[in-house]
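# Coordinate analysis (summary)
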Amino acid sequence: MKSHTRFKRNLLASAVAGCALAGVGQLAIAQEGEQAQGASMLEEVIVTGVRQALTSAMDEKRDASGVVDVINAEDIGKFPDTNLAESLQRIPGVSINREGGEGKFVTVRGFGPGFNVVTLNGRQLTSENINRDFEFDTLASEMVSSIVVNKTGSALTDSGGIGSVIDLQTPRPFDVGNKVAGTVKYSYETLAEEGSPQASILYSGNFADDTLGVLFAYNHFERKSTVNRVTNANWARVEADSGSNLYPDASELRSNANPEGRLYLPQNHFIQVQRDKRTRDNANLVLQFAPTEDLTLTADVLYSEFELLRDQNMLVHWFGSRPDWRDVVADENGTVTHFIADRREGEGVVQATEFNAIKENRKSNTLVGGLNLGWNITDTLSLSVDAYRSESEYDDPMGFGNSQVTMGYRNRLTWDLGDGFIPAISGFESGTGSVPYQPDANGQLTIPNSDYLDPDNLRPGFTIRNGRVVNDTIDQLKIAGAFDSNDSSGLIKADFGLSFKSRAKDRQQFTTGRGLTEQEAAIVAENEPRAYVGPGATLNCMFCGGEYFWTEITPPQISVLDAGSDFLSGVSGSGNIQTQWLEFDHDEFREIYEGHVGIPFTTAEVPSESYDVEEDILALYTQLEFAGDLGGLPYDVVAGLRYEKTDLTITGNLASILRVEAEGAEVLNEVLSPVTPTQLESDYAVFLPNVSFKIDLTEELVARAAYSKTITRPSMQELRPNLEFRDLKQNGPYPVTAGNPDLKPLESDNIDLSLEWYYAPGSYASIGVFYKQVDNFIVNATSGQTFIGEDGEPITDPATGSINLIPPGGAPSDIVDPNDEVIEFSVTKPSNVETADVNGYELSVQHMFGGSGFGMMANATFVDTNAEYDRSKFDQGFALVGLSDSYNIVGFYENETYSARLAYNYRDEFLQSLDQGGVAEPTFVEGYGQLDISANYNLTDNVSIFLEGINLTGEETKWHGRFSNQFLLAEESGPRYSVGVRATF
């Protein structure tokens, strides 16, 4: 699908409130009373040294007037944490989500990444994912001079962030002056037992009597890491009276302590080692020209190229969506704690042991470039004009970066939950003696299994590639004016401006999950007669029946992977994990497989899952600032209003489902009608007011109050016009997701109150209270729905009757079975239906222990909502996800020669999702705490060496379902350490 991006002019005021930094070799985290772009213009103070930084930050916090937190680099290219998201989590109310042990997404006051707008120097950033979420691992901390987190709305900032607007600010040559700085670092991963380099350099120079400035910065980053992980796909809830064939009959159910007879069935089990290689290159070029003292022209461009190469090797136990378990035991909640699955072909639906090789790569290219003019027309009137483009892309239509190949065999197993968090799976490891489980070349069960590490068991199975192309572009032109009276009372400042912004995001989906062409079928039949190439045959599953095995050709090189005896050793039940399994090379397997059948596995576009969303936004705003005395107490008031008109154009393709076809022993493939293109248009307008008030109650005590109205727009994925049938399974579940082009933005009324006590030099304590009432919350409601197929009858599951395979030479109509069950698809569709309240408070303290060089910072955030998840309800379609308490403790020491910092962050348990991979059951993430350390030694005034340690105690991440014993995930990435040299001249 072609992206129709139209450049729109956009005008907006550019003014950034600065702050100073806090931390040892770290940043100051200061709650500013000012909007990052707007409010009173504060001179940014760049300091080196912890005490000076903290004191400066505290002074600016006291003088500002809104609710803003700022992190500034201690020195050029020197942030306290190795990742921008890791730095942000030190701010009160900010939590992060990690991937592979590295911060990726942020949550602010319980509102996840989709509720936070991320800008670069006031310009909204694009992303390569299908939503609006910005991924912080694509931008190096060395490229950023400060981060400003706007927690309350301002007329001067772009809308979209109910949680916050986060502005990443890069250095400018006129601010930096003449300087060269560089860092060389080496990092070591304890789990991967591998090291990787990182280097950055910055040059800044001013010429022609400081009227011309040039700044260039470059960062190269590599990281080789390992993640150990065990997962359970989901827990399927089955009621005793549901009539589902998943519910065991009386002879199969040994005991169920649940008084209502309800059962939760575990669905498939994965043990995996994930090896990641991350490479990131960032470059930033800034040119500034000031022909007069009142006119400054700035041109800048930033480029980010991020690549994640991910290889996963895993041992998989397939038993999900399977009837015919026996000896089933369930606890008082209905959670199954034991079962045996040992059916063979002809006795029921069989289970399998598989070995998978999977690639899940991620490539992101982002380019942001713009021009800015700043003109002081008079001593009191200034004008700013800013035009920019941001574009991101992900381009992998062939799906080489999202690919899976499998080998496996029919087997049996025993599943036990026991007392540990991770369940035990046994009974599959040893051979079956004389009992034949394996089909021979004729499909007859004549072959017994060997030990599970014997490659002779293996048959090639399911293979797939899913490709994707995503383009995201923003064009914006902003014009802003500011009047500064230079008075200390009355109207002291007036801001006004307008902007035009156009955003276009399109997705094209590709897959090898397609039917064979006549020519392909003929070639395959000639090369391998045992491959299924009849009606309904797909590229993915020509050998899913298990009849074909490596006899006539040389198989891929197969070896035994040993994950080690300490695999997830910190998680209870880890002794149950098999830490040895067969591994093979993904690319070699695919080359042999495709070579043998004689055709390449090429993807085809899935038009029904491709779409294009365009957004044109016109904004007008004004904001006024007043100052004076109230009963002899100094006060400051800021009031603003922003108007935005949004026009939406949504393009997509609609298709009807004709039937489903069984593929192998697990999968159902949907067969869709030809698509019908569709285009939908809509619009909406909002008024966004904001008011903030600050008063000095005493020389030491400052009080603040703020009100604002903010919005968050629906994600592009939610706005799509189509239905997507994804991951349909034989015997269920049958998930379907839908978009809703009629969605409106969420609207939030926000109130903030705070009290700050500056009780000693460099020390203060504060408490802040916040309340948000959010309307138009988007709820993904799931309902059961049947679809009428091509024969005019409701669509049925061919795996539920007595006939589930198309006979040789047959047609899809030959699998019609009167015993097939009608499918009730679980259709999930978003809609604006809910209102929710979120409230909480933030506590912060910063203390200097006299002149000893020691200091500390601590903060805690506590949040609550009237939209919590009730685990006793089974029809709850809405609850706030990502909401959790959190706290930080940072201790440091500094003198003229060296400094050290120890930082601990903790995030309490939270609801991650109301869905478990197509099953309407909740996912909870257990509480997680991480301890980090850094130290710095100054060899000279210009050169220092440093040491960093991340996740010193090797904490693990754990997920569970509705109940704490419903295991979903346990993973570890291990500690990592870095040493390096930093120089500044």
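Because the structure is a prediction, the values reported are computed rather than measured.

Secondary structure assignment for the chain yields 6 helices and 52 strands. Here the C-alpha radius of gyration of the chain, 30 Å, is about what a compact globule of 985 residues would show, namely 30 Å. Projected onto its principal axes, the C-alpha positions of the chain cover 90 × 60 × 55 Å. In the chain, which comprises 985 residues, the share counted as buried stands at 58%. Here the analysis covers contacts within the chain between residues at least 6 apart in sequence; of these, 75% occur between residues at least 24 apart. Working note: accessible area of the chain is about 36400 Å², and carbon and sulfur atoms make up 54% of it. Charged side chains of the chain number 72 positive and 143 negative; the gap between the two group centres comes to 1 Å.

Turning to the environment of Arg704, a few remarks are in order. Locating Arg704 in the fold gives a position in strand S35 (residues 701-712). When the C-alpha atoms of Arg704 and Phe874 are compared, they prove to be 43 Å apart, with 170 residues separating the residues in sequence.

Bridge analysis of strand S23 (residues 436-439) against strand S24 (residues 445-448) gives 3 bridges, and the strand direction is antiparallel. Across the sheet, Pro436 pairs through a bridge with Pro448, a residue of S24. In textbook terms, the turn of a hairpin is the stretch between consecutive antiparallel strands, and for S23 and S24 this stretch comprises 5 residues, one of which, Gly443, has a positive phi near 85°.

What follows concerns the sheet that holds strand S15 (residues 326-330). Read from one edge to the other, the open sheet built from 5 strands follows the order S12-S15-S16-S21-S22, with strand pairing classed as mixed. Looking at strand neighbours, the two that pair on one side only are strand S12 (253-256) and strand S22 (424-426), the edges of this open sheet. Each adjacent strand pair in this sheet contributes to an overall mean axis angle of 10°, direction not counted.

On inspection of all chains with the given rule, the structure shows 59 salt bridges. With a shortest N-O distance of 3.2 Å, Arg343 and Glu252 are connected by a salt bridge. Within this pair, whereas Arg343 is found in the loop between strand S16 (336-341) and strand S17 (351-360), its partner Glu252 is found in the loop between strand S11 (212-238) and S12, the two being separated by 91 residues in sequence. The two residues Arg343 and Glu252 agree in class, both being buried. Residues Glu260 and Arg262 are paired through a salt bridge, measuring 2.5 Å at the closest nitrogen-oxygen approach. For Glu260, a relative accessible area of 53% gives the class exposed. Since its relative accessible area comes to 9%, Arg262 is described here as buried. One salt-bridge network, held together by shared partners, links Glu99, Glu102, Lys104, Glu128, Glu135, Asp137, Glu189, Arg223, Asp276, Arg278, Arg310 and Arg362.

Under the definition given, this model contains 31 aromatic pairs. With centroids separated by 3.8 Å and ring planes inclined at 5°, the aromatic side chains of Trp325 and Phe339 adopt a geometry described as stacked. With Trp325 in the loop between strand S14 (295-318) and S15 and Phe339 in strand S16, this residue pair connects regions lying 14 residues apart in the sequence. Each member of the pair, Trp325 as well as Phe339, is classed as buried. Relative to Phe878, the ring of Phe777 lies with its centre 5.1 Å away and its plane at 50°, an arrangement referred to as tilted. Within this pair, whereas Phe777 is found in strand S39 (residues 763-785), its partner Phe878 is found in the loop between strand S43 (854-865) and strand S44 (886-894), the two being separated by 101 residues in sequence. Of the two residues, Phe777 and Phe878, neither departs from the other in class, the shared state being buried. Each member of the aromatic cluster is reached from another via a ring pair, and the members are Trp235, Phe319, Trp325, Phe339 and Trp415. Stacked on the ring of Phe421, the Lys or Arg Lys958 has its end atom at 6.0 Å from the ring centre.

On to the environment of Ser430. Mapping Ser430 onto the fold places it in the loop between S22 and S23. With relative accessibility at 40%, the residue Ser430 sits in the partly exposed group. Sequence separation of Ser430 and Leu641 is 211 residues, and the distance between their C-alpha atoms is 72 Å.

To continue, consider the side chain of Ser187. Relative to the helices and strands, Ser187 is located in strand S9 (residues 179-189). Ser187 sits in the buried class, given a relative accessible area of 16%. Ignoring any residue separated from it by four or fewer positions in sequence, one finds Ser187 in contact with Glu194, Gly195, Ser196, Tyr977 and Ser978.

Moving on, we get to a nonpolar patch on the surface. A contiguous nonpolar surface patch, about 850 Å² in accessible area, is contributed by Val691, Leu697, Tyr707, Ile751, Leu753, Leu755, Ile767, Val769, Tyr841, Leu843 and Phe862. Secondary-structure elements contributing two or more residues to the nonpolar patch are strand S38 (746-760), S39 and strand S42 (825-848). Among the elements that line the nonpolar patch, the one with the most residues is S38, at 3 residues. Along the chain, Tyr707 falls in strand S35.

Here the focus is the confidence of the model for the chain. On average, residues of the chain score 87 in pLDDT, and 91% of them are at 70 or above. Counting interchain partners and residues more than four positions distant, the pLDDT-below-50 stretch residues 1-47 has 242 contacts. Within the model, the stretch residues 806-813 combines pLDDT values under 50 with 11 contacts to residues more than four positions away or in other chains.

Next up on the list: the environment of Ser934. Among the structural elements, Ser934 can be located in strand S48 (residues 928-938). By relative accessible area, Ser934 is classed as buried at 10%.

An α-helix turns once every 3.6 residues. As a result, residues three or four positions apart point the same way. When the terminal C-alpha atoms of helix H5 (residues 586-597) are compared, their 17 Å separation across 12 residues agrees well with the 16 Å that a helix rising 1.5 Å per residue should span. Buried residues of H5: His586, Phe589, Arg590, Ile592, Tyr593, Glu594, His596 and Val597, and no others.

Despite not being glycine, Arg109 has its phi angle at roughly 55°, a positive value. Along the chain, Arg109 turns up in the loop between strand S4 (102-108) and strand S5 (116-120). With a relative accessible area of 2%, Arg109 lands in the buried category. Unlike most non-glycine residues, Glu193 shows phi in positive territory, near 55°. Looking at where Glu193 falls in the secondary structure, it is placed in the loop between S9 and strand S10 (194-207).

This part takes up the pairing of S14. Judged from the 22 bridges that link them, strand S13 (residues 263-292) and S14 form a sheet pairing that is antiparallel. Each residue of the ladder has a partner; that of Asp281, found in S14, is Glu305. The sheet contact formed by S14 and strand S18 (residues 362-376) spans 14 bridges and is antiparallel. Across the sheet, the residue bridging to Leu302 is Val368, located in S18. Pairing geometry for S14 and S17, over 8 bridges, is antiparallel. The partner of Leu315 across the bridge, within S17, is Phe355.

This part takes up the nonpolar core. Formed by 58 residues in total, the largest nonpolar core has its most connected members in Phe339, Phe355, Ile422 and Met542. For this core, the element with the most residues is S13, which contributes 5 residues. Within the second largest apolar cluster, 26 residues are counted, among which are Val94, Val108, Leu139 and Ile147.

Reading the values: rules and limits
- Counting starts from 1 at the beginning of each chain's written sequence and moves along it residue by residue.
- Restriction of local features to residues with pLDDT of at least 70 applies here, the model being predicted, together with a cutoff of 80 or more for giving and counting side-chain atom pairs; totals for whole chains, interfaces and linings are based on all residues.
- Only hydrogens and water are removed before side-chain values are computed, so all heavy atoms of the structure are retained for them.
- Strands here are runs of E lasting at least two residues and helices are runs of H or I lasting at least four, both read from the DSSP assignment and numbered beginning at the N terminus.
- Each radius of gyration is computed over the set of C-alpha atoms, and the globule rule expresses the reference value as 2.2 Å times the number of residues to the power 0.38.
- Relative accessibility thresholds used throughout: buried, under 20% of the residue-type maximum; exposed, over 50%; partly exposed, between the two (1.4 Å probe, protein chains only).
- Any two residues whose heavy atoms approach within 4.5 Å are treated as being in contact.
- Using a 1.4 Å probe, accessible areas were evaluated by the Shrake-Rupley method; residue-level cover was limited to the displayed protein chains.
- Within this scheme the basic residues Lys and Arg register as positive and the acidic residues Asp and Glu register as negative, but His and the chain ends are omitted.
- The atom standing in for a charge is NZ when the residue is Lys, CZ when it is Arg, CG when it is Asp and CD when it is Glu.
- One bridge is not enough; two strands pair if DSSP finds at least two bridges between them.
- Each axis is a line fitted through C-alpha atoms, taken for helices only over the stretch in contact, and angles between the N-to-C directions span 0 to 180 degrees.
- Throughout this description, the term salt bridge denotes a Lys or Arg side-chain nitrogen within 4 Å of a carboxyl oxygen of Asp or Glu.
- Side-chain rings of Phe, Tyr and Trp (the six-membered ring for Trp) are treated as a pair once their centres are within 6.5 Å; stacked means planes under 30 degrees apart, edge-to-face means over 60, and tilted covers the remaining angles.
- We call a charge positioned over a ring when the NZ of a Lys or the CZ of an Arg lies within 6 Å of the ring centre and within 35 degrees of the ring normal.
- Only residues whose relative accessible area exceeds 30% and that take part in no salt bridge are eligible for patches, with like-charged residues grouped when within 9 Å of each other and nonpolar side chains (Val, Leu, Ile, Met, Phe, Trp, Tyr) grouped when within 5 Å.
- pLDDT is defined as a per-residue confidence score from the predictor, taking values between 0 and 100.
- Expected helix span is computed as 1.5 Å times (number of residues minus one).
- Think of a nonpolar core as a cluster: buried Ala, Val, Leu, Ile, Met, Phe, Trp, Tyr and Cys residues, connected wherever their side-chain atoms sit within 4.5 Å.

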